[in-house]
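Residue-level structural notes
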Amino acid sequence: MNQAIEKAKVLIIGSGPAGYTAAIYAARAGMKPILYTGGQPGGQLTITTDVENYPGYPNGVMGPEMMEDFRKQAERFGTDIRYGLVTGVDFSKRPHVVTVDDQITLHADTVIISTGASAKWLGLESETRLNGKGVSACAVCDGFFFRGQEVAIVGAGDTACEEASYLANICSKVYMIVRRDEMRASQIMQNRVKNNPKIEILWNTETEEILGEQEVTGARLINNITGEKREISISGFFVAIGHQPNTEIFKNFIHMDSSGYIKTIPGTTKTNVEGVFACGDAQDNVYRQAVTAAGTGCMAALDAERFMAEQENH
Ligand code: NDP
């Protein structure tokens, strides 16, 4: 039996601030967007607690609550929000073909990729258990909660250095846990960290366990050369060992950098494929903020709308 294939003018993949903002704009422009949420509806903000840096919430807001507000706003204007994971795409011809949960196939005139990125984690049980209770993968989001306190950060790339410096401005002391005897970060970033008296770098050091029952109280560390163990008292434990953009399924069609971030034409959300746009963290390894993701989500919807208008005029 031939099943009719569903058509969409705009198909949005992902439900973080970028995806929902794209949906709000596309829906209000009468494009009847269909949005697939992905495996983590609401995205990375649903695993954070207080959000204090999103404009419009003077008293702060809980991450999950904010994403619920985004969802409701997108729904209010008629976005068709569906729970499902996009498992494959074919962008080799138009309309674009998108497969959901390996079962449903849709044809889309335009596609907005807002699949985000996921922080990499160490993989410790205590890290999962204390996530949001002192364990965080975003110093800019959560550092403020530890003002005047001692914290630790793991990693030795540019992000870890930048975040260690950021934390040192707020916290009384920052332990930087580096697994080798050198850093991957650029020299200038390293120097900034090394010259900061509030940052103590622990070389050749790995984390055995993050300590605490209800919240982080410390960490047990091991020197991977000498085997010597030590415990430090901290109230915040930051993981800055890189992010992984969720872009694997697009790699046969969409141009990306060596880390998998989607390349867009500067100043736009256009990818190398006509009618496919990318926004949010899937194409941004620099800012990675909810408000910047929302901004590019708006851009993607406007770009998609203009693209459709141009097609109709031809
Ligand atoms: P990177 O991949 O550059 O660095 C990851 C760091 O985490 C490395 O030091 C790595 O150690 C360490 N690491 C990885 N896994 C573990 C683990 N299991 N335990 C302990 N340590 C671990 O990621 P970044 O997020 O720092 O940077 C990503 C990109 O963004 C880079 O290209 C960077 O230059 C860029 N960037 C630029 C900035 C700027 O210019 N202002 C700011 C922020 C990022 P090891 O070295 O031993 O592998």
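This report concerns the structure included in the present document. Sequence order sets the numbering: in each chain, residues are counted from 1 along the sequence as written. Where local features are concerned, this predicted model is filtered to residues with pLDDT of at least 70; where side-chain atom pairs are given and counted, the filter is 80 or more; whole-chain, interface and lining totals use all residues. Side-chain figures throughout are based on the complete set of non-hydrogen atoms in the structure, without hydrogens or water.

Comments concerning the sheet that holds strand 15 (residues 218-223)
Put simply, the rule reads: Strands were regarded as paired on the criterion that DSSP finds at least two bridges between them. Helix numbers and strand numbers start at the N terminus; a helix is a DSSP run of H or I with at least 4 residues, a strand a run of E with at least 2. Only C-alpha atoms enter the line fits that serve as axes; for helices the fit covers just the stretch in contact. Angles between N-to-C directions range over 0 to 180 degrees.
Spatial strand order, 14-15-16: three strands in an open sheet with antiparallel pairing. Of all the strands in the sheet, just strand 14 (205-211) and strand 16 (229-233) have a single pairing partner and so form its edges. Ignoring strand direction, the axes of neighbouring strands in this sheet form an average angle of 25°. Here strand 15 pairs with strand 16 via five bridges, running antiparallel. Within strand 16, the position partnered with L221 by the bridge is R230.

Examining the site of the ligand
The following threshold applies: Here a residue is considered near a molecule or strand provided that any single heavy atom belonging to it is located within 4 Å of it. Whenever two N or O atoms come within 3.5 Å, that pair is a polar contact, provided that in protein one can donate a hydrogen and the other can accept it, and provided that, for residues adjacent in sequence, both atoms are side-chain atoms. The method works on a 1 Å grid over the protein atoms by themselves. A cavity is a set of points holding a 1.4 Å probe that cannot get out, a pocket is an open set with protein on both sides within 12 Å along at least five of seven lines, and residues with an atom within 4 Å of a point line them. More than half of a molecule's atoms within 2 Å of the grid points is what it takes for that molecule to sit in a cavity or pocket.
The immediate surroundings of the ligand are formed by 14 residues, with D158, T159, R179, R180 and R184 found nearest. At 3.1 Å from a nitrogen atom of the ligand is found a side-chain nitrogen or oxygen belonging to E162. Contacts to the ligand include R184, whose side-chain N or O atom sits 2.5 Å from an oxygen atom. For the ligand, the cavity whose grid points lie within 2 Å of the majority of its atoms is the second largest pocket.

What to know about the packing of helix 1 (residues 17-28) against helix 2 (residues 63-76)
Note the cut-off: Oblique is the label for any angle not under 35 degrees, not over 145, and not in the 65 to 115 range, which are roughly parallel, roughly antiparallel and roughly perpendicular in turn. Whether a crossing is left-handed or right-handed is set by the direction in which the near helix is turned from the far one by less than a right angle, anticlockwise for left-handed and clockwise for right-handed. The contact criterion used throughout is that any non-hydrogen atoms of two residues lie within 4.5 Å. Under the scheme applied, nonpolar residues are Ala, Val, Leu, Ile, Met, Phe, Trp, Tyr, Cys and Pro; charged residues are Asp, Glu, Lys and Arg; polar residues are all the others, including Gly.
Packing of helix 1 against helix 2 leaves a shortest axis separation of 8 Å and a crossing angle of 25°. By the angle between their axes, helix 1 is roughly parallel relative to helix 2. Considering only the axes of helix 1 and helix 2, their crossing is left-handed. Residue-level contacts link P17, Y20, T21, A23 and I24 of helix 1 to M67, F70, R71, Q73 and A74 of helix 2. Considered class by class, the residues forming the contact of helix 1 with helix 2 number seven nonpolar, two polar and one charged.

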